[in-house]
Amino acid sequence: LKFFYKNTSIKNKLLLLFYIQIVIPLFFISYTSYQKSAEIIEQKSIGYSQDILKMIELRFNDLSSSMQALTLELLYDNRVYGALSNDEVEDNITIYNRASEIRNILRQTTLSRGEIQSICLVTKNRRFYSFDSDNGKARIEIMLPYESAVKAAKEGRGQLVWFLEKVDGKVSNIYVTRMVYDRDKYTEIGLIAVNIKKEYLESVYTDLSRESAKHISILSEDNEEIVEETENSAFLGDFVEKQIQGKRGFDIDKKAGMLVSYVQLRDPNWKIVYHMPLKVLYKEIDTLRRWTVVILVYGFIILSALSVFTSVDIINPINKLVEGMKKVEKGNKHERS
């Protein structure tokens, strides 16, 4: 290299100097800008996903609080309590009047809340009082898995319990259940069951961002998708089982090609997961990379042209001077430069 440098022309030395001082810094600046921009895009995507999850969490907390208030309101209504605690065989008129009264209460409760599909009260002797929204679905008296609902409610010991009915391994219905106890003896006297609309759960996050909705999943305690299965269902189950730690967090799984953010709800004990394929996330980064390369190539061409022009502009007068000096050496004393 030393020999090559000593024997190269001044023009090439000047071009080499220009390349070292201009092209290398240009490449370094472009590469650094790309890396920093990619990091910023990645961090903004993570921050955006966490913000979306926080809003969804707040909405689920509101839903849970609403169900708590609703069931407690029914629980402390003396007419409801009387219907559940006085379950003896009565005359038909009394039964009819009581059923009409309770149905009116349940109708007002159901129609005043958009999240409720249907609601029922079940006595210890399995007498049903219910009201169903008119949307073509089966009546809650028919579709409620009573034994499973009672078992889930008993585990709550008087607290609100979210219960999922599954058919062929998929969630078919979502219920909120609560056992009702005798106020004096604290013995079981009945059950409150509320059927929640699945489409309402979906609206909790689709209203926030329809573009992001396809990247959001609601998972049960058993890591099963509650609202709708996605193409990433298998990955989510494995990820949640192995990676979720704590109330909230995120992870970039390079092997699976996924960005995953998650939050663990307090009540119900579900998980909200935001999952985006890295190819979608890096789409903007790829665009940035292409523009960086284009700018680098054009910059290289323009600076090369300027370097050549500058070196020629400097070398030509020197070459003329050298030629004039050579002619003077040959005896031409009147040579003009």
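Just above, that's the structure.
Position numbers for residues start from 1 in each chain and track the written sequence from start to end. Reporting in this predicted model follows two pLDDT cut-offs: at least 70 for local features of residues, and 80 or more for side-chain atom pairs to be given and counted; totals over whole chains, interfaces and linings ignore these cut-offs and use all residues. The basis for every side-chain value is the complete set of heavy atoms in the structure, and neither hydrogens nor water enter the calculation.

Visitor: Could you clarify how one ought to interpret the pairing of strand 8 (residues 258-264) in this entry?
Guide: Strand residues, when the strand is regular, have side chains that alternate between the two faces of the sheet. Across the seven residues that make up strand 8, a large majority, seven, are buried. Relative accessibility decides the category of a residue: with a 1.4 Å probe and only protein chains considered, values under 20% of the type maximum give buried, values over 50% give exposed, and everything between is partly exposed. Secondary structure elements are taken from DSSP: a helix is a run of H or I of four residues or more, a strand is a run of E of two residues or more, and numbering for both begins at the N terminus. Burial along strand 8 is two-sided: Met258, Val260, Tyr262 and Gln264 and Leu259, Ser261 and Val263, pointing in opposite directions, are all buried. Bridging between strand 8 and strand 9 (residues 271-277) involves seven bridges; their strand directions are antiparallel. Across the sheet, the residue bridging to Tyr262 is Val273, located in strand 9. Each pair of strands is called paired provided DSSP finds at least two bridges between the two strands.

Visitor: I keep staring at the packing of helix 3 (residues 78-85) against helix 4 (residues 92-111) and nothing clicks. Help me out?
Guide: The description of two packed helices rests on the angle between their axes and on the distance between the axes. Here, axes are lines fitted to C-alpha atoms. For helices the fit covers the stretch in contact, and angles between N-to-C directions go from 0 to 180 degrees. Two elements in contact, helix 3 and helix 4, have axes whose closest approach is 10 Å; the angle formed by their N-to-C orientations is 135°. One finds that helix 3 runs oblique with respect to helix 4. Handedness of the helix 3/helix 4 crossing: left-handed. Facing helix 3, whose interface residues are Arg79, Val80, Gly82 and Ala83, helix 4 presents Arg98, Glu101, Ile102 and Ile105. Polarity classes work like this: nonpolar for Ala, Val, Leu, Ile, Met, Phe, Trp, Tyr, Cys and Pro, charged for Asp, Glu, Lys and Arg, and polar for all others, with Gly in that last group. When grouped by side-chain class, the residues that make up the contact of helix 3 with helix 4 number four nonpolar, one polar and three charged. For classification, angles of less than 35 degrees are called roughly parallel, those exceeding 145 degrees roughly antiparallel, those between 65 and 115 degrees roughly perpendicular, and all remaining angles oblique. With the far helix as reference, a near helix turned anticlockwise by less than a right angle produces a left-handed crossing, and one turned clockwise produces a right-handed crossing. Two residues qualify as a contact provided that any one of their heavy atoms is within 4.5 Å of a heavy atom in the partner residue.

Visitor: Would you mind going over the side chain of Ser220 with me for this structure?
Guide: As for its placement among the helices and strands, Ser220 is situated in the loop between strand 6 (216-219) and helix 9 (233-243). The buried category is assigned to Ser220, whose relative accessible area is 3%.

Visitor: Sorry if this is basic, but what is going on with unusual backbone geometry here?
Guide: Trans is the common state for peptide bonds, and a negative phi is the common state for residues other than glycine. Backbone torsion omega between Asp267 and Pro268 reads 5°, so that peptide bond is classified as cis. Of note, Pro268 is situated in the loop between strand 8 and strand 9. At Arg126, a position not held by glycine, the phi torsion is positive, near 65°. Mapped onto the secondary structure, Arg126 falls in the loop between strand 1 (116-123) and strand 2 (128-132). Positive phi, normally seen in glycine, also occurs at Tyr186, with a value near 55°. Among the secondary structure elements, Tyr186 is positioned in the loop between strand 4 (170-181) and strand 5 (188-196). Classification of Tyr186 by relative accessible area gives exposed; the value is 54%.

Visitor: Sorry, what's going on with a nonpolar patch on the surface here?
Guide: Think of a patch as exposed residues, more than 30% relative accessible area, with no salt bridge, where like charges cluster within 9 Å and nonpolar side chains (Val, Leu, Ile, Met, Phe, Trp, Tyr) cluster within 5 Å. Accessible surface is estimated by sampling points in the Shrake-Rupley manner with a 1.4 Å probe; for residues, cover comes only from the protein chains shown. What makes a salt bridge here is a side-chain nitrogen of Lys or Arg within 4 Å of a carboxyl oxygen of Asp or Glu, nothing more. Side chains of Trp291, Val294, Ile295, Tyr298, Ile302 and Leu306 sit close together on the surface and give an oily, nonpolar patch of about 660 Å² of accessible area. Note on placement: Leu306 falls in helix 10 (residues 278-329).

Visitor: Would you mind going over the nonpolar core with me for this structure?
Guide: Counting 55 residues, the largest nonpolar core has Phe60, Met67, Leu201 and Trp270 as its most contacted members. With 13 residues, helix 2 (residues 10-75) is the largest single contributor of residues to this core. Take the buried residues of types Ala, Val, Leu, Ile, Met, Phe, Trp, Tyr and Cys, join any two whose side-chain atoms come within 4.5 Å, and each joined set is a nonpolar core. Membership of the second largest hydrophobic core comes to 17 residues, among which are Met143, Val150, Phe163 and Tyr175.

Visitor: Which parts of the structure should I look at to understand the pairing of strand 2?
Guide: Taken across its five residues, strand 2 has four buried, putting it largely inside the fold. When strand 1 meets strand 2, the two strands line up antiparallel, connected through five bridges. Bridging across to strand 2, Val122 finds its partner in Phe128. From the end of strand 1 to the start of strand 2, which pair antiparallel, there are four residues, and Arg126 there has a positive phi angle of about 65°.

Visitor: Before we go on, may I ask you to explain the sheet that holds strand 4 in this structure?
Guide: Each strand in a sheet pairs with another by means of backbone hydrogen bonds, the pair being arranged parallel or else antiparallel. With antiparallel pairing, the five strands of this open sheet are ordered in space as 2-1-5-4-3. Each of the sheet's edge strands pairs with one partner strand only, and the pair in question is strand 2 and strand 3 (161-167). Geometrically, the sheet is characterised by an average inter-axis angle of 20° between neighbouring strands, direction not taken into account. Where strand 1 and strand 5 come together, seven bridges link them in antiparallel fashion. Note that in strand 5 the partner of Ser118 across the bridge is Asn195. Contacts from helix 3 reach strand 1, strand 2, strand 4 and strand 5, with the element oriented near 50° to strand 1. Against the sheet, helix 4 contacts strand 1 and strand 2, and its axis sits at roughly 35° relative to strand 2.

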